[in-house]
Amino acid sequence: LSPAAQKILDALGVQGITALELVARGIAAAAIRALADQVVPHRGRYPMNSYMDGVRDTKQDVRAAILAIATELEAQ
């Protein structure tokens, strides 16, 4: 696991793979996905200038990194 995903599991007290721990991982992943939707919403549809395109792309990189943690938690 990545350090970020491991920190989340440590905070949850997850140490192995039991049914309850899998549920905890799913809940944590869902919370992280909700966080990503609130902090970095989906990309807008409107055309922008090159500066704003760069800002939007950077935000989407952050969103992808957050969602990667959720995906990693669900995959284990």
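Here, every reference points to the structure presented above.
Residues numbered from 1 in each chain as written. Predicted model: local features only at pLDDT ≥ 70, side-chain atom pairs only at ≥ 80, totals over all residues. Heavy atoms only, no water.

### Here's the deal with the overall build of the protein chain
(1) Moving on: Secondary structure assignment for the protein chain yields three helices and zero strands.
(2) Moving on: Listing each helix as α and each strand as β along the protein chain from the N terminus yields α-α-α.
(3) Moving on: Relative to the compact-globule value of 11 Å for 76 residues, the protein chain shows a C-alpha radius of gyration of 15 Å, a clear excess of over 25%.
(4) Moving on: Projecting the C-alpha coordinates of the protein chain onto the three principal axes gives extents of approximately 50 × 20 × 15 Å.
(5) Moving on: Counting all 76 residues of the protein chain, 22% fall into the buried class.
(6) Moving on: Sequence separation of at least 24 residues holds for 58% of the intrachain contacts in the protein chain that already meet a minimum separation of 6.
(7) Moving on: Carbon and sulfur atoms provide 62% of the accessible area of the protein chain, an area that totals close to 5300 Å². (Helix = DSSP H or I, 4+ residues; strand = E, 2+ residues; numbered from the N terminus. Rg over C-alpha atoms; globule rule 2.2 N^0.38 Å. Buried < 20%, exposed > 50% of the residue type's maximum accessible area, 1.4 Å probe, protein only. Contact = heavy atoms within 4.5 Å. Areas by Shrake-Rupley, 256 points an atom, 1.4 Å probe, with all protein chains shown as cover.)

### Some remarks on the pattern of salt bridges
(1) Moving on: Applying the stated criterion to the full structure yields three salt bridges.
(2) Moving on: Note that Arg 63 is salt-bridged to Asp 37, the shortest N-O span being 2.8 Å. Of the two residues, Arg 63 is situated in helix H3 (residues 50–75) and Asp 37 in helix H2 (residues 19–39); the sequence distance between them amounts to 26 residues.
(3) Moving on: Given a relative accessible area of 37%, Asp 37 falls into the partly exposed group.
(4) Moving on: One salt bridge connects Arg 56 with Asp 53, and the closest N-O pair in it is separated by 3.0 Å. In this pair, Arg 56 and Asp 53 both sit in helix H3, three residues apart, roughly one turn of the helix.
(5) Moving on: Accessibility expressed as a relative area gives 25% for Asp 53, which makes it partly exposed. (Salt bridge = Lys/Arg side-chain N within 4 Å of Asp/Glu carboxyl O.)

### Considerations on the nonpolar core
(1) Moving on: Counting 10 residues, the largest nonpolar core is built from Ala 5, Leu 9, Ala 28, Ala 29, Ile 32, Ala 36, Ile 66, Ile 69, Ala 70 and Leu 73.
(2) Moving on: Those elements giving two or more residues to this core turn out to be helix H1 (3–12), H2 and H3.
(3) Moving on: The contact partners of Leu 73, leaving out residues within four places of it in the chain, are Ala 5, Ile 8, Leu 9, Arg 25, Ala 28, Ala 29 and Ile 32. (Core = buried A, V, L, I, M, F, W, Y, C linked by side-chain atoms within 4.5 Å.)

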